[in-house]
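So the chains spell out like this:
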Amino acid sequence: MAHHSALTFDQLSERELTAKLEPELLPKHVAVIMDGNGRWAELRGLPRIAGHREGINSVRDMISQCLELGIQALTIYAFSQENWNRPTQEISALMGLLEHYLSTERASLIEQQVRFRAIGRLELLPESAQHWVRTTEQDTAHLDKMVLTVALSYGGRAEIVDAVRGLLADVQSGTIEADQIDEALLQQHLYTHPLPDPDLLIRTSGETRISNFLLWQLAYTELCFTPTLWPDFRRREFLMALLEYQKRERRFGRVLSAVPS
Ligand code: IPE
Ligand code: IPE
Ligand code: MG
């Protein structure tokens, strides 16, 4: 059944797809694993970095679409802890692209009232990239139309380890007692605090794995996997993912519409 609706969506224009959205059923927080840039470039006989560069246009589209739809939190996976194992040349090209993006896009983020935040082991980034990350965070700290969180040098397990370390420091300083530790307290030490957990996760490029992204936060997130490569994931594709999300029944372990026993 889902497949039939996907086929009908394919024939609809962007405007028709938007009209099908139910505003009250939109996700509040969308997370994205932007994958497939390298394959997009290889398919065209281009260097991998050309795919990363094209992927920035998809990021720009998604930000403006979130703003139009009133989605207030977007979290995107731009560089994982494991991505440090890529060839040095690709890593430095990616870092260069990050600096270029932040230096050129900062004004537009401010104009769109988007708050920028970076999460991950940022101290591992080159000093110049750290500079642009800090500057963009500071210059957008007062904005609140939407929060754009970019995961850089990010690992989900590392985030949980850092949260545990934070809790331990609080116990040692006497701020909390060890037996007070619960899920809510641990959550306060995650990089993403105070954002709510993502409602929807999109991964492009056909891979159906999480790749160490937001391990804690994704506990009850709806997952949407699409074969579309990230540079090709544009406005229509996002609308189709949102429509797919709206068809899901989020049960959170409960039995819905059941007669109480
Ligand atoms: C995702 O695209 C972007 C990053 C991981 C930085 P990839 O570079 O992983 O592209 P593929 O998966 O090799 O096609
Ligand atoms: C996940 O993509 C990380 C980002 C999109 C930044 P990868 O391409 O690194 O993931 P794997 O290696 O296919 O799991
Ligand atoms: Mg990949």
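One structure accompanies this document, and this report is about it. (Residues numbered from 1 in each chain as written. Chains lettered and ligands numbered in written order. Predicted model: local features only at pLDDT ≥ 70, side-chain atom pairs only at ≥ 80, totals over all residues. Heavy atoms only, no water.)

**Some remarks on helix H6 (residues 127-140)**
Operational definition: Each helix is a run of DSSP H or I of at least 4 residues and each strand a run of E of at least 2, with the numbering of both proceeding from the N terminus. The span expected for a helix works out to 1.5 Å for each residue beyond the first. Exposure is judged per residue with a 1.4 Å probe applied to protein chains only, and the accessible area is read against the type maximum: over 50% gives exposed, under 20% gives buried, and values in between give partly exposed. Residues count as neighbours in contact if any of their non-hydrogen atoms are within 4.5 Å of one another.
For H6, built from 14 residues, the straight-helix expectation of 20 Å at 1.5 Å per residue is met to within 8% by its first-to-last C-alpha distance of 20 Å. Listed as buried for H6 are Ala129, Gln130, Val133, Thr135, Thr136 and Thr140. Next to the buried residues of H6 lie helix H5 (88-111), strand S3 (114-119) and strand S4 (146-154).

**Topic: the site of ligand 2**
Spelled out, the test is: Near, as used in this document, describes a residue that has one of its heavy atoms within 4 Å of the molecule or strand being considered. As used in this structure description, the phrase polar contact means that two N or O atoms lie within 3.5 Å; if the pair is within protein, one of them must be able to donate a hydrogen and the other to accept it, and residues adjacent in sequence are counted only when both atoms belong to side chains. Per-residue accessibility takes into account occlusion by the displayed protein chains alone, with areas from the Shrake-Rupley method and a 1.4 Å probe. Side-chain classes follow a simple rule in which Ala, Val, Leu, Ile, Met, Phe, Trp, Tyr, Cys and Pro form the nonpolar group, Asp, Glu, Lys and Arg form the charged group, and the remainder, Gly included, forms the polar group.
Every residue lining ligand 2 is accounted for by Ile33, Met34, Asp35, Tyr77, Ala78, Phe79, Asn83, Arg86, Arg203, Arg209 and Ser211. Residue asparagine 83 places a side-chain N or O atom 2.9 Å away from an oxygen atom belonging to ligand 2. Contact with the protein chains removes 78% of the 390 Å² of surface that ligand 2 exposes when unbound. In terms of residue count, the dominant contributor to the shell around ligand 2 is strand S2 (residues 73-80) (3 residues). Along the lines of polarity and charge, the residues of the shell around ligand 2 split into 5 nonpolar, 2 polar and 4 charged.

**Some points on the site of ligand 1**
Taken together, 13 residues lie near ligand 1, and Asp35, Gly38, Arg39, Arg48 and Arg86 sit nearest. In the environment of ligand 1, an oxygen atom lies 3.2 Å from a nitrogen or oxygen atom belonging to the backbone of asparagine 37. Elements supplying a minimum of two residues to the shell around ligand 1: helix H3 (37-43), helix H4 (48-69) and H5. If one sorts the elements of the shell around ligand 1 by residue count, H3 sits on top with 3 residues. Each residue belonging to the shell around ligand 1 can be placed in one class, and the counts come to 3 nonpolar, 5 polar and 5 charged.

**Describing helix H9 (residues 235-247)**
With 13 residues, H9 extends 19 Å between its outermost C-alpha atoms, agreeing within 8% with the 18 Å of an ideal straight helix rising 1.5 Å per residue. Those residues of H9 that sit buried are Arg235, Phe238, Leu239, Met240, Ala241, Leu242, Leu243, Tyr245 and Gln246.

**Structural notes on the packing of aromatic side chains**
Heads up, the condition is: For Phe, Tyr and Trp, where Trp contributes only its six-membered ring, two rings pair if their centres lie within 6.5 Å, and the inter-plane angle classes them as stacked under 30 degrees, edge-to-face over 60, or tilted in between.
Overall, the coordinates contain 7 aromatic pairs when judged by the stated rule. An angle of 75 degrees between the planes, with centres 6.0 Å apart, marks the rings of tyrosine 154 and tyrosine 191 as edge-to-face. Within this pair, whereas tyrosine 154 is found in strand S4, its partner tyrosine 191 is found in the loop between helix H8 (183-187) and strand S5 (200-203), the two being separated by 37 residues in sequence. As far as burial versus exposure is concerned, tyrosine 154 and tyrosine 191 are alike and both buried. Centroid distance tyrosine 154 to phenylalanine 213: 5.8 Å. Interplanar angle 80 degrees. Geometry classified as edge-to-face. Here the residue tyrosine 154 occupies a position in strand S4, and phenylalanine 213 occupies one in the loop between S5 and strand S6 (222-225), the gap between them amounting to 59 residues.

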